Amino acid sequence: MTDFDGELPPFEIMEPTEWRAPIIFNSPHSGSAYPDDFLRASRIDLPALRRSEDSFMDELIADLLSRGFPVVRVHFPRCYVDVNREPYELDPRMFTGRLPSFANTRSMRVAGGLGTIPRVVGDGQEIYRDRLSADEALHRIETLYKPYHRALRRLINRVHQQFGTVVLVDCHSMPSVGVSRDEPRRPDMVIGDRYGTSCASLLPDLVEDVLGRLGYSVGRNKPYAGGFITEHYGNPATGLHAIQIELNRAIYMDERRRERGPRFAQVASDLAVLAEVLATVPLGDLGPFQAAAE
């Protein structure tokens, strides 16, 4: 694994001594270790860069490890490399030199500046003073993006072979207010299942029921239905289930000061309740499922 800043590994996969259930909790966007060369190349300051972070999401799920659930967390920031994208969603306007012919340069995410190497942070501010070399983009993908996905895939495959099914819970946070003023008030949490395609339907139903009984307002698939990770790893027909959970940052942190809020410990405790309930789902109810006949 490549050290990206000389101190921390790019990501960690922490496994429990005794597994409670084949459920993996993943925090791909909470990384806050910013490489010095990246900061020097940025036209905006560190507080502005950090607006893209899912701040403290990895801390909210950290205690699940002691409860028997594996926890995956990424240390490099999503505005440096975003692992919740295809491997080569790249904007040619950002780079000098030629990108590979197979790069996806026309996705909606690239158009919005939020490709694998993002052009902007979450509120739309441009990140870089100058164009990057294409080689720099490919280096980040080879040394950070690909090792993360190889390790995650190995873990998922091993759990799947051992238990016959696996649930990946992809954990994110969202700003309390959307960019558009026309967007309705965001709920406390949003469940994403790629509109019913990334996991068995009983999982989002159960998550919504548990969170509702804990007092949270819950939405589904809007404004976030799940990104590349949910789509790529979710294949319920084969017993591979992926579900995304987005937490409204206002429920656990002070967004302006980027500090943990008074409800931080309670939210972490409630996520542990959710994990324990998910662990009670009989494995037979999670497939693998056969697609219904046309």
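Above this note sits the structure.
Residues numbered from 1 in each chain as written. Predicted model: local features only at pLDDT ≥ 70, side-chain atom pairs only at ≥ 80, totals over all residues. Heavy atoms only, no water.

**Some remarks on the nonpolar core**
Soluble globular proteins tend to pack their nonpolar side chains together in the buried interior.
No. 1: Among the nonpolar cores identified, the biggest contains 43 residues, and Phe-95 and Ile-117 are the most heavily contacted of them.
No. 2: Contact partners of Ile-117, with chain neighbours within four places excluded, come to Tyr-80, Val-81, Glu-89, Leu-90, Met-94, Phe-95, Tyr-128, Leu-132, Ala-137 and Arg-140.
No. 3: If you look at the next biggest cluster of nonpolar residues, it comprises 40 residues, including Met-57, Leu-60, Leu-203 and Val-267. (Core = buried A, V, L, I, M, F, W, Y, C linked by side-chain atoms within 4.5 Å. Buried < 20%, exposed > 50% of the residue type's maximum accessible area, 1.4 Å probe, protein only. Contact = heavy atoms within 4.5 Å.)

**Section: the layout of surface pockets**
No. 1: In this structure, the largest pocket spans a volume of roughly 1100 Å³.
No. 2: Arg-78, Leu-114, Gly-122, Pro-175 and Tyr-224 are the residues nearest the centre of the largest pocket, which is lined by 42 residues in total.
No. 3: Within the residue set of the lining of the largest pocket, elements represented by two or more residues are strand E6 (166-174) and strand E9 (240-248).
No. 4: Sort the elements by how many residues they give to the lining of the largest pocket and E6 lands first, with 3 residues.
No. 5: Partitioning the lining of the largest pocket into residue classes produces 14 nonpolar, 12 polar and 16 charged.
No. 6: In this model, the second largest pocket occupies a volume close to 170 Å³. (1 Å grid on protein atoms, 1.4 Å probe; cavity = no way out; pocket = protein on both sides within 12 Å on 5 of 7 lines; lining within 4 Å. Points joined across faces, edges and corners; volume = space filled by probe spheres on them. Helix = DSSP H or I, 4+ residues; strand = E, 2+ residues; numbered from the N terminus. Nonpolar A, V, L, I, M, F, W, Y, C, P; charged D, E, K, R; others polar.)

**Some thoughts on the sheet that holds E6**
No. 1: The strand order E1-E3-E2-E6-E9-E7-E8 describes an open sheet built from 7 strands, whose pairing is mixed. This sheet does not close on itself; its edge strands, each paired only once, are strand E1 (11-14) and strand E8 (218-220). Across this sheet, the average inter-strand angle for adjacent strands is 20°, counted without regard to direction.
No. 2: Sheet analysis places strand E7 (residues 189-192) next to E8, joined by 3 bridges and oriented parallel. Along E8, the bridge assignment pairs Met-189 with Val-218.
No. 3: Contacts between helix H6 (residues 202-213) and the sheet are confined to E6, E7, E8 and E9, with E8 contributing the most and set at about 160° to the helix.
No. 4: The sheet contacts of helix H8 (residues 264-279) involve strand E2 (23-27), E6 and E9, and relative to E2 the element is tilted by about 150°. (Pairing = 2+ DSSP bridges. Axes fitted to C-alpha atoms, helices over the stretch in contact; angles between N-to-C directions.)

**Things to note about the environment of Gly-261**
No. 1: Take Gly-261: it is sitting in the loop between strand E11 (259-260) and H8.
No. 2: Measuring from C-alpha to C-alpha, the distance between Gly-261 and Ala-21 comes to 30 Å, with 240 residues separating the pair along the chain.
No. 3: In contact with Gly-261, other than residues within four places in its own chain, are Tyr-252, Met-253 and Asp-254.

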